[in-house]
Amino acid sequence: MPQRIGIVTGGGDCPGLNAVIRAVTKAATMRGWESLGILGGFDGLLEPQKYRVLDYKAIDGLLTRGGTILGTANRGQFSAKVGHGESRQLPKELMDATKAGMEALGISALVSIGGDGSLTISQQMHEHGIPIIGVPKTIDNDLEGTMMTFGFDSAVACATDALDRLHTTAESHNRVMVLEVMGRYAGWIALYAGVAGGADVVLIPEIPFCYDSICAKITEREGKGKHFTLVIVAEGAREKDGGFVTTSSQEANREAHLGGIGHVVAQELGKRSGKETRCCVLGHLQRGGTPTTFDRVLCSMFGAMAVELIVAGDYGKMVAYTGKGLGAVKISEAVGRLKMVPIGGAMARTARALGISLGE
Ligand code: F6P
């Protein structure tokens, strides 16, 4: 039975990270275990180790607090994702040093809270004999093996609120308003927020779009006396036969930084439709702030389940939300390929049924 566990947060932050840290710590404390929070991502396990003791006092107020009190990293020597769908094997010396760091701290199991990148690292650690459990975090909801990652619902709530606000200004000025949201190569945030916020056009990476089809929607609305149109575009959306729009050239050992498609779409729609068009890029607002009620519940369930898996010695697993309840899958089954929006799935069908254009 482990007496001391480590908790590490990796990759981009999102609402709910602190809620998971709290849940794991509480569930561990209930068993009489100690929890150590590793600072600054996996690097905190290396010499000189950086950590803080997570006792009851340390987790005060964490349920509702955005970000991560442990800090995080999505670059540096622990970067395993190097491009769209590409990963690299981390050096054996780094794995050995990680193991040695854990031993030095007396940590017998690690809870790794992260997305595709951090869980790819976690899988390699598992293969190296490190007792590790994964918790699926990302606003992008692009992890296989779980119906929902935590952070997604909060990001959708933020994007929906933005659409609600854009709606009234679009209507007042008879404009086409384009909202660019995050999500990397998956369109989950755009599609869920688009449906929840009553968008007229939703553009997602899974369905390359065509301007004629979007303009047809604008014209159709004009014909019905609706002189404004709300477009939500995922940062990874692209025109048929077009490439991804990125903000800067790709750094070594890092994934490309997507962004800019909103402005491209707004400019082109303005030219083609003759209407006044504006673009709003929501950016990191989607990653900050208080987790929604759903995310708080999910984080609490995930944290408690992670401790149960440690009790069972069921390492190399990621806790998962099945829609009916909780489960666990091998981390290896959750990483490696992204969970994309099924183009004939329930949400895409719902959008089409409501007359939302997907730019097809
Ligand atoms: O994976 C989460 C995410 O917010 C993506 O949606 C986005 O593409 C990326 O991270 C932004 O990364 P950064 O924080 O490095 O700008």
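Residues numbered from 1 in each chain as written. Predicted model: local features only at pLDDT ≥ 70, side-chain atom pairs only at ≥ 80, totals over all residues. Heavy atoms only, no water.

Undergrad: So, the overall build of the protein: which residues are in play, and what are the values?
TA: When helices and strands are counted, the protein shows 10 helices and 13 strands. Along the three orthogonal principal directions, the C-alpha set of the protein runs to about 70 × 40 × 30 Å. Classification of the 360 residues of the protein by burial places 55% in the buried group. For the protein, the exposed area adds up to about 14,500 Å²; of that, 51% sits on carbon and sulfur atoms. One way to put it: in the protein the 37 positive side-chain charges average out to a point 3 Å from where the 37 negative ones average out. (Helix = DSSP H or I, 4+ residues; strand = E, 2+ residues; numbered from the N terminus. Buried < 20%, exposed > 50% of the residue type's maximum accessible area, 1.4 Å probe, protein only. Areas by Shrake-Rupley, 256 points an atom, 1.4 Å probe, with all protein chains shown as cover. Lys, Arg positive; Asp, Glu negative; His and termini not counted. Charge placed at Lys NZ, Arg CZ, Asp CG, Glu CD.)

Undergrad: Provide a residue-level description of the pattern of salt bridges, including the pertinent values.
TA: Applying the stated criterion across every chain, the model contains 19 salt bridges. With a closest N to O distance of 3.9 Å, aspartate 60 and lysine 57 form a salt bridge. Taking the relative accessible area as the measure of exposure, aspartate 60 reaches 53% and is therefore exposed. Measuring nitrogen to oxygen at the nearest pair gives 2.9 Å for the salt bridge that ties arginine 272 to glutamate 268. Separated by 4 residues within a single helix, arginine 272 and glutamate 268 lie in helix H7 (residues 261–273), roughly one turn from each other. Under the relative-accessibility criterion, glutamate 268 is labelled partly exposed at 21%. Because the salt bridges share partners, they merge into one network encompassing Asp212, Glu268, Lys271 and Arg272. (Salt bridge = Lys/Arg side-chain N within 4 Å of Asp/Glu carboxyl O.)

Undergrad: Please give an account of the site of the ligand that cites residues and values.
TA: Near the ligand you find 11 residues, and of these Asp140, Met182, Glu235, His257 and Arg287 are the closest. In the model, an oxygen atom of the ligand is placed 2.6 Å from a nitrogen or oxygen of the aspartate 140 side chain. In this structure, an oxygen atom belonging to the ligand sits 2.7 Å away from a side-chain N or O atom of arginine 287. Classifying every residue of the shell around the ligand gives 2 nonpolar, 4 polar and 5 charged. Taken together, domain 1 (4–151 + 289–333) and domain 2 (155–287 + 342–353) each give at least three residues to the shell around the ligand, which thus spans both. (Near = heavy atom within 4 Å. Polar contact = N/O pair within 3.5 Å; in protein donor to acceptor, adjacent residues only side chain to side chain. Nonpolar A, V, L, I, M, F, W, Y, C, P; charged D, E, K, R; others polar. Domains from an automatic or database assignment.)

Undergrad: Which residues make up the pairing of strand S8 (residues 176–181), and what values go with them?
TA: As a general feature of sheets, a regular strand has side chains that alternate between the two faces. Within S8, 6 of the 6 residues are buried, leaving the element largely enclosed by the surrounding structure. Judged by which residues are buried, S8 turns out to be covered on both faces: Val176, Val178 and Glu180 on one side and Met177, Leu179 and Val181 on the other are all buried. Across 6 bridges, S8 lies against strand S10 (residues 229–234) in parallel orientation. Following the sheet pairing, valine 176 is matched in S10 by threonine 229. Bridging between S8 and strand S11 (residues 277–281) involves 5 bridges; their strand directions are parallel. (Pairing = 2+ DSSP bridges.)

Undergrad: Would you mind going over the side chain of threonine 229 in detail, with residue names and values included?
TA: Among the secondary structure elements, threonine 229 is positioned in strand S10. The contacts of threonine 229, once residues within four sequence positions are left out, are Arg175, Val176, Met177, Asp200, Val201, Ile218 and Arg221. (Contact = heavy atoms within 4.5 Å.)

Undergrad: An account of the side chain of histidine 128 is requested, with residue identities and associated values reported.
TA: Locating histidine 128 in the fold gives a position in the loop between helix H3 (116–127) and strand S7 (132–136). A distance of 2.7 Å separates a polar atom in the side chain of histidine 128 from a polar atom in the side chain of aspartate 96. Apart from residues lying up to four places away in sequence, histidine 128 is in contact with Lys92, Met95, Asp96 and Lys99.

Undergrad: Give a description of the domain arrangement of the protein that names residues and reports values.
TA: Domain boundaries in the protein define domain 1 (4–151 + 289–333) and domain 2 (155–287 + 342–353). One C-alpha centre belongs to domain 1, the other to domain 2; they are set 32 Å apart. Each side of the interface is counted separately: domain 1 has 20 residues, and domain 2 has 17 residues. Between domain 1 and domain 2 lies a buried interface of about 1,600 Å² when both sides are counted; carbon and sulfur atoms form 47% of it. Together, His84, Ile139 and Asp140 form the three largest contributors to the area buried by domain 1 at its contact with domain 2, with a combined 32%. Between domain 1 and domain 2 we count 3 salt bridges in total. Of the charged contacts in the structure, one is a salt bridge between aspartate 142 and arginine 184, with a shortest N-O distance of 2.9 Å. At the junction of domain 1 with domain 2, the criterion picks out 6 residue pairs in polar contact (both at pLDDT 80 or more). (Buried area = accessible area lost by both parts, 1.4 Å probe.)

Undergrad: Outline the sheet that holds strand S6 (residues 109–114), listing residues and values.
TA: The pairing of strands in a sheet comes from backbone hydrogen bonds and takes either a parallel or an antiparallel form. The 7 strands are arranged S3-S2-S1-S6-S7-S12-S13 in an open sheet whose pairing can be described as mixed. Two strands lie at the open edges of the sheet, namely strand S3 (51–53) and strand S13 (326–330), each paired on one side alone. Pairs of neighbouring strands in the sheet enclose a mean axial angle of 25°, with direction left out of account. As paired elements, strand S1 (residues 4–9) and S6 share 5 bridges and run parallel to each other. Residue pairing for S6: threonine 9 is matched across the bridge by isoleucine 113. Against the sheet, helix H1 (residues 17–30) engages S1, strand S2 (34–38), S6 and S7, with an angle of about 175° to S1. (Axes fitted to C-alpha atoms, helices over the stretch in contact; angles between N-to-C directions.)

Undergrad: Outline the environment of cysteine 299, listing residues and values.
TA: Looking at the element boundaries, cysteine 299 is found in helix H8 (residues 293–312). Other than its neighbours up to four places away in sequence, cysteine 299 contacts Gly16, Ala19, Val20, Ala23 and Phe150.

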